[in-house]
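Structural overview for review
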Amino acid sequence: MSGFSMDAAAAQRFDVNLSILFTELPLLERPAAAAAAGFGAVELWWPWTDSPTPERSVLDALRQAIEDAGVQLRGLNFYAGQLPGPDRGALSLPGRESERFRANIDVAADFAQSLGCTALNALYGNRVDGVDPAEQDELALENLVLAARAADRVGAVLLIETLNEPESPRYPLVTAPASIAVVDKVNEATGLGNAKFLMDLYHLSMNGEDLPSVIERYAAKTGHVQIADNPGRGAPGTGSLPLEELLGLLRKQGYEGWVGLEYKPGDRPSTEAFEWLPRAARAAR
């Protein structure tokens, strides 16, 4: 497997997504495992897929595990339903799921604030049979405005993510421009300016987008970046995406934020899925 050069790696700030890596371990053991692998920062999907409002003791246990490991939490998803699984978010789904998202907003924002996390990702949700897409989009905007205000309250940005159509055929935001349009609508509605694009290079490549062009056009509106190689959604070097080059382009366009490692380790322990990244470049800075 080819790896990043030390110079290229050292120019980035990487965090490990503990919802796709280290999943061979119980949740509360993953922060320490990431630290043992040399990482100083992590990110998470909402860990409790059945519960938008877990007991305080459950939240406190994860907070303690992150603090004890000495890692920073750099990104957190709002409640998004069964993820991984059939769901792709809850905020545009009328009824119970929208209510669960709303109940989660302050819980997630307060948890993020308690750990100094300044990026909250709101997955849009799939289209629903028999519901007018315009009705879903109206509900989505209402909920995203609430989420943006909560994020602003805790000093965070609200992230809007593009997924890929082959794996998420019912998700409406499957191009960079579609997500950017939502970002702009939320910022226009709130006047806060804290809605940003989550640029996941794997999802965009799966959609066949021109990645250098996307980077050039939208780096200034990007609040977080995630990577995996394509095909396969594996570690950098397992596919054909020029990730070192693409991250370099992002830097040239002024992006200085975090790069989340959101890839599958393959048929091996997660600790063995980081050979591409020099250990000296894994620490938070």
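As a starting point, this report considers the structure included with it. (Residues numbered from 1 in each chain as written. Predicted model: local features only at pLDDT ≥ 70, side-chain atom pairs only at ≥ 80, totals over all residues. Heavy atoms only, no water.)

1. Section: the packing of helix H4 (residues 96–114) against helix H5 (residues 133–153)
Remark: H4 packs on H5, axes separated minimally by 9 Å, with the N-to-C direction vectors making an angle of 15°. Our classification of the angle between H4 and H5 gives roughly parallel. In this structure, H4 meets H5 at a crossing whose hand is right-handed. Of the residues in H5, those touching H4 at Ser98, Phe101, Arg102, Ile105, Asp106, Ala109, Asp110 and Gln113 are Leu139, Glu142, Asn143, Leu146, Ala147, Ala150 and Arg153. Taken together, the residues of the contact of H4 with H5 sort by class into seven nonpolar, three polar and five charged. (Axes fitted to C-alpha atoms, helices over the stretch in contact; angles between N-to-C directions. Helix = DSSP H or I, 4+ residues; strand = E, 2+ residues; numbered from the N terminus. Parallel < 35°, antiparallel > 145°, perpendicular 65-115°, else oblique. Left-handed = near helix turned anticlockwise from the far one by under 90°. Contact = heavy atoms within 4.5 Å. Nonpolar A, V, L, I, M, F, W, Y, C, P; charged D, E, K, R; others polar.)

2. Considerations on the side chain of arginine 88
Within the secondary structure, arginine 88 sits in the loop between strand E3 (72–77) and H4. Glutamate 167 provides the closest opposite charge to the buried, salt-bridge-free arginine 88, at an N-O distance of 6.5 Å. Separated by 3.2 Å, the side chain of arginine 88 and the backbone oxygen of glutamate 167 make a polar contact. Here arginine 88 is in contact with Ala80, Leu83, Leu123, Tyr124, Gly125, Asn126, Leu163, Glu167, Ser168 and Tyr171, once residues within four sequence places are set aside. (Buried < 20%, exposed > 50% of the residue type's maximum accessible area, 1.4 Å probe, protein only. Lys, Arg positive; Asp, Glu negative; His and termini not counted. Salt bridge = Lys/Arg side-chain N within 4 Å of Asp/Glu carboxyl O. Polar contact = N/O pair within 3.5 Å; in protein donor to acceptor, adjacent residues only side chain to side chain.)

3. A word on unusual backbone geometry
With an omega of 0°, the peptide bond running from leucine 83 to proline 84 counts as cis. For proline 84, the location among the structural elements is in the loop between E3 and H4. For the peptide bond that leads from asparagine 230 to proline 231, omega is 5°, which places it in the cis range. Tracing the backbone through its elements, the reader meets proline 231 in the loop between strand E7 (222–227) and helix H9 (243–252). The backbone of phenylalanine 22 shows a phi angle near 65°, a positive value even though the residue is not glycine. Relative to the elements of secondary structure, phenylalanine 22 occurs in the loop between strand E1 (13–17) and helix H2 (30–36). The backbone phi angle of arginine 233 is positive, close to 55°, even though this residue is not glycine. Structurally, arginine 233 can be placed in the loop between E7 and H9.

4. Things to note about the pairing of strand E6 (residues 195–200)
Within E6, five of the six residues are buried, which leaves it mostly tucked inside the rest of the structure. Alignment of strand E5 (residues 157–161) against E6, held across four bridges, turns out to be parallel. Residue pairing for E6: leucine 158 is matched across the bridge by alanine 195. After leaving E5, the chain enters helix H6 (residues 176–190) and then returns to the sheet as E6, a path that is right-handed. Across four bridges, the pairing between E6 and E7 is parallel. Following the sheet pairing, methionine 199 is matched in E7 by valine 225. (Pairing = 2+ DSSP bridges. Right-handed = clockwise from strand over helix to strand, strands pointing away.)

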